[in-house]
Amino acid sequence: GSPPPKKERKPPPKPLFEPRKSGRPSLSDQLAALGSQTQAVTKGIKQSLGVKGEDLGRETAVVLCQCDRFVVGRVTGTFSSPVQFFADRALYAFIHPTQERIDMKMIYKHMSDIQVDEGRMTFRFRLRRPMGTTFWQWFKDDYEPHNASHFLQIGFGAKKDFVSFKSKALPLIRASAAG
């Protein structure tokens with residue numbers, strides 16, 4: 001005899017779905033990228049809080065809160081910012097509408113005419129003109145210390161932050177302020 005007829009081989013069945021080539025990096029690469037992004041975000045937060053090398057690790061803020069409605073004389077800040085109230089100063093970022101970000105360092109002993117508005121949840125004060133501060137370079141056209149209608153303002157977005165400010169930071173400010 002003749003050899004048995006060859007059976008036709010069928011191609012293997014197609015899988016029910018084709019795995020997609022995602023083009024995504026591996027999980028470990030994604031985690032490494034997230035780690036570096038987290039470091040960048042942390043650095044950005046520290047910068048927005050005004051934390052400089054001098055302040056890192058030395059002391060913690062008495063009150064830390066998110067604030068808005070910043071005013072300096074004629075100009076209103078365009079964004080909210082975290083504010084750190086320390087024993088002798090407040091640190092925050094003021095985003096000037098015509099300039100860039102200005103890191104504010106408000107020393108309590110330079111403050112006067114302190115006012116707290118319960119209804120609006122705002123803290124207002126005026127500054128005497130201490131010599132040698134960069135504040136006057138940034139705001140020379142916006143804030144006139146002898147103009148009675150000019151003040152600085154920090155607005156609080158959350159009642160709990162305002163209450164915390166009044167109980168913890170305000171007594172320190174009043175004790176240090178000029179009057």
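Above this text sits the structure in question.
Residues numbered from 1 in each chain as written. Predicted model: local features only at pLDDT ≥ 70, side-chain atom pairs only at ≥ 80, totals over all residues. Heavy atoms only, no water.

(A) Up close: the pairing of strand β3 (residues 81–85). Most of β3 is tucked away: five of the five residues are buried. The alternating pattern of β3 places Ser 81, Val 83 and Phe 85 on one face and Pro 82 and Gln 84 on the opposite face, and all of these are buried. Both strand β1 (residues 63–72) and β3 contribute to a ladder of five bridges, which runs antiparallel. Paired with Cys 67 across the strands is Ser 81, a residue of β3. Relative to strand β4 (residues 89–95), β3 is paired through two bridges, and the arrangement is antiparallel. Bridged to Phe 85 within β4 is Ala 90. In this structure, the hairpin formed by β3 and β4 is closed by a connection of three residues. (Buried < 20%, exposed > 50% of the residue type's maximum accessible area, 1.4 Å probe, protein only. Helix = DSSP H or I, 4+ residues; strand = E, 2+ residues; numbered from the N terminus. Pairing = 2+ DSSP bridges.)

(B) Representation of the side chain of Ser 164. Structurally, the position occupied by Ser 164 is in helix α3 (residues 159–176). Exposure remark for Ser 164: the relative accessible area of 19% places this residue in the buried category.

(C) How the structure looks around the pairing of β1. The pairing of β1 with strand β8 (residues 152–156) spans four bridges and is antiparallel. For Cys 67, the partnering residue across the bridge sits in β8 and is Phe 156. Note that β1 and strand β2 (residues 75–76) share two bridges and pair antiparallel. Bridge pairing links Val 72 to Val 75 in β2.

(D) Up close: the pattern of salt bridges. One pass over the structure, following the stated rule, counts nine salt bridges. Where Asp 117 meets Arg 120, a salt bridge forms, and the shortest distance between an N and an O atom there is 3.6 Å. In this structure Arg 120 comes out as exposed when scored by relative accessible area, which is 55%. Residues participating in the shared-partner salt-bridge network are Glu 59, Asp 88 and Arg 89. (Salt bridge = Lys/Arg side-chain N within 4 Å of Asp/Glu carboxyl O.)

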